[in-house]
Amino acid sequence: MSSVDETILETSPTDLWVSPTEMANAIRFLTMDTIEHTQSGHPGMPLGMADAATVLFTRFLKFDAQRPDWPDRDRFVLSAGHGSMLLYSLLYLTGYAEASLDTIKAFRSVGSKTPGHPEYGHLAGVEATTGPLGQGLGMAVGMAFAERLLAARFGSDLVDHRTYAVAGDGCLMEGISQEAIGLAAHWGLSKLTVVFDDNQIITDGPTSVATSEDQVKRFEAAGWHALRVDGHEPEAVAAAFEEAQEVDRPSLIACRTRIARGAPTKEGSNLTHVGPLGPEEVASAREKLGWPYSPFEIPETVLSAWRRAGVRGAAQRQAWEERLAAAKPGDQSEFERLSRGELPADWDRELQNLKKNLAEEPQSQPTRIFSGMAVKAIADCVPEIVAGSCDLTGANQTMQEGMAPITAKDFSGRHIFYGIREHGMAAMMNGMALHRGVVPVGGSFLVFTDYFRASIRLSALMGVRVIYVMTHDSIRIGQDGPTHQPVEQLAGLRAMPNLHVFRPADGVETTECWELAMKAERTPSVLSLTRLDVPPQRTAHSEENLCARGAYVLAEAEGEARATLLATGSEVLIAMAAREQLQAEGVPTRVVSMPCWSLFEAQDAEYRRAVLAPETVRVGVEAASPMGWDRYIGPEGGFVGVARFGASGPTPDVMAHLGITPDAVVEAVKARL
């Protein structure tokens, strides 16, 4: 804590009682003053939820502001991220060192730790990046799930904490909420409590213009414990939290609130959702609520009460540290490793053995099968790997020998059956990664990344190690037809910053891509994998991970190169067949495998030029959209791929129909010689 905080604690009488309403008003006026100062923000929600948040942070939330990274702290997720001043105010008031008044005043300015919506990694105490509504709810489910996993492994002496999420009407209207609450109830996540800001307001007006749902009944139907309280009555809210701690299932506390509570003329209006209340309204609020203090001034008695709340959990944290120190040496070191997010020292031992075996004993298999082999090899050495699939377990190959399913009664397993809930799965995986102690892997078909792109984007924005195993990755899936044949998905995913998209060509490349995905602690990965067999391309073992450079020369030209074929995944086999024809016709041709564009872009210019060989005719080959390929093939280059939706039929017929054949590649080269 800062010297100012210590002075307050030393000089303030510790027995002076401050009412919950006074403490809540500190949140309200920090919010109003900050939004007036910056002329930007969402005041309505923080003013309305100040009372409930005060009860939670002063009486129930287990945390120590002096140790924001304490592993056994309760997690608090502001799913309604637009109300970020609620969270920022709480962090300042409870004494988080990074959350100074200057930090608060920099709200929504470039480079500040207090952006418009909370962002993970910017400010201690912010557990997740929220803003896209419903995402925080899904991540909270993932955090509660991770707590159960680690408690099953280490016991309640080391892992025993709760997860709280504040959600608004918008969070609960988004479809992801239904997926998330169904999963939470199915697994009996009793340490999860969602606090619903039931103010009956959305941006367009009263919620009645858009919905007639009874959220309490909806949650009850899903299997939750759910109840309604007056969100402005502290004792009623406290009683609800106490009740939630006693039940054997997740809880919803619907707090009936008034948006912009305390604003004399604007309370209850949808117009307070966004934008400053105005100097006259703020001045009137000061008079109405009995707050005769200057902007950003918090009276010593109130601030002291908040700071005492911030260290209320210190004794619990110290007792936990003693239990950790007394744990078995193996448990202690393993728990600390997981808390740091580090992999075991020999984590890739079996993976490297697999890579060598696949080179020395080549196999023709789908890359999804090779991926399953990699999952098994990694899981044998990395106990924190937890994989799952959206009702496509066999197709995605996420469940391997020794990975028992996780159930509500047994969290000792390592495989998750998500059902058909792609968006809920992805948000949960983000929550698990944020919690730490788990490396989440989730599977579906590549085309369905459209269902959960928002969650993938948050993985990338937060910089968390989440691995998406996406199979059936091109029109080569054949007879399922255009609805299941991805075309534009690769281009869209590659356009996302801080996301590795891997498209390996064979078993060796698949193991190398898995190695890179596991090593990328601050970057999520998508593995784009085939449904059908691919032949081996790499049959000589190399200790070097060639995929680490994103692209490399797989086959050199025999003679002075005149053409370079650039391909990914299953189309590498087409490029290799075309090369054979071109060589036979006197056109020396190179083949470049490009399993990961983002890693290739990170290489120096000299290496990129050597691989691309711009002095040669270049043709790109990928059974997907041409978008993005121009940077590699140049303005004069050719592309053999898909500029339309696919077609239903046997794979060879579909590929011929769409012109993705070795002959088409040969023709594209000859046309440019």
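Rules of the game
- Residues numbered from 1 in each chain as written.
- Predicted model: local features only at pLDDT ≥ 70, side-chain atom pairs only at ≥ 80, totals over all residues.
- Heavy atoms only, no water.
- Buried < 20%, exposed > 50% of the residue type's maximum accessible area, 1.4 Å probe, protein only.
- Helix = DSSP H or I, 4+ residues; strand = E, 2+ residues; numbered from the N terminus.
- Pairing = 2+ DSSP bridges.
- Contact = heavy atoms within 4.5 Å.
- Arc of directions from axis to C-beta.
- Salt bridge = Lys/Arg side-chain N within 4 Å of Asp/Glu carboxyl O.

Trainee: Sorry if this is basic, but what is going on with the pairing of strand β2 (residues 163–168) here?
Mentor: Each regular strand carries side chains that alternate between the two faces of the sheet. For β2, the tally of buried residues reaches 6 of 6 residues, placing the bulk of the element in the interior. Of the two faces of β2, the one holding T163, A165 and A167 and the one holding Y164, V166 and G168 are both buried throughout. Bridge count between strand β1 (residues 75–78) and β2: 4 bridges; the pairing is parallel. In the strand pairing of β2, F76 is matched with Y164. Of the pairings in the sheet, the one linking β2 to strand β3 (residues 192–198) comprises 6 bridges and is parallel in character. Residue pairing in the sheet places Y164 in a bridge with T193 of β3.

Trainee: I would appreciate a short explanation of the environment of R538 in the present structure.
Mentor: Secondary-structure assignment places R538 in the loop between β13 (525–528) and β14 (552–555). As for R538 and A557, which are separated by 19 residues in sequence, their C-alpha atoms are 16 Å apart. Each residue touching R538, except ones within four places of it in the same chain, is listed here: K355, A359, D506, V508, E509, E512, E544, L546, Y552 and L554.

Trainee: I would appreciate a short explanation of helix α11 (residues 279–289) in the present structure.
Mentor: The periodicity of an α-helix, 3.6 residues per turn, causes residues three or four positions apart to be oriented the same way. For α11, every residue scored as buried is listed here: E281, V282, A285 and R286. The buried residues of α11 occupy one face: seen down the axis, they fall within an arc of 145°. For α11, exposure combined with an orientation more than 90 degrees from the buried face picks out P279, E280 and E287. Contact partners of the buried residues in α11: α2 (20–38). Just past α11, the residue G290 takes up positive phi, approximately 65°.

Trainee: I keep staring at the pattern of salt bridges and nothing clicks. Help me out?
Mentor: Pairing is possible between side chains that carry opposite charge, provided their charged atoms lie close to one another. By the definition in use, this model includes 38 salt bridges. The salt bridge partner of R317 is E321, with a shortest N-O separation of 3.3 Å. Placement of the pair is R317 and E321 together in helix α13 (residues 314–326), with a separation of 4 residues, close to one helical turn. What makes E321 partly exposed here is its relative accessible area of 26%. When the shortest N-O distance is used, the salt bridge between E384 and R337 registers 2.8 Å. Linking E384 in the loop between α16 (367–379) and β8 (385–389) with R337 in helix α14 (residues 329–340), this pair joins segments that are 47 residues apart in sequence. By the burial criterion, E384 is buried, and R337 matches it. Connected through salt bridges with shared partners, the residues D64, R67, D69, R317 and E321 form a single ionic network.

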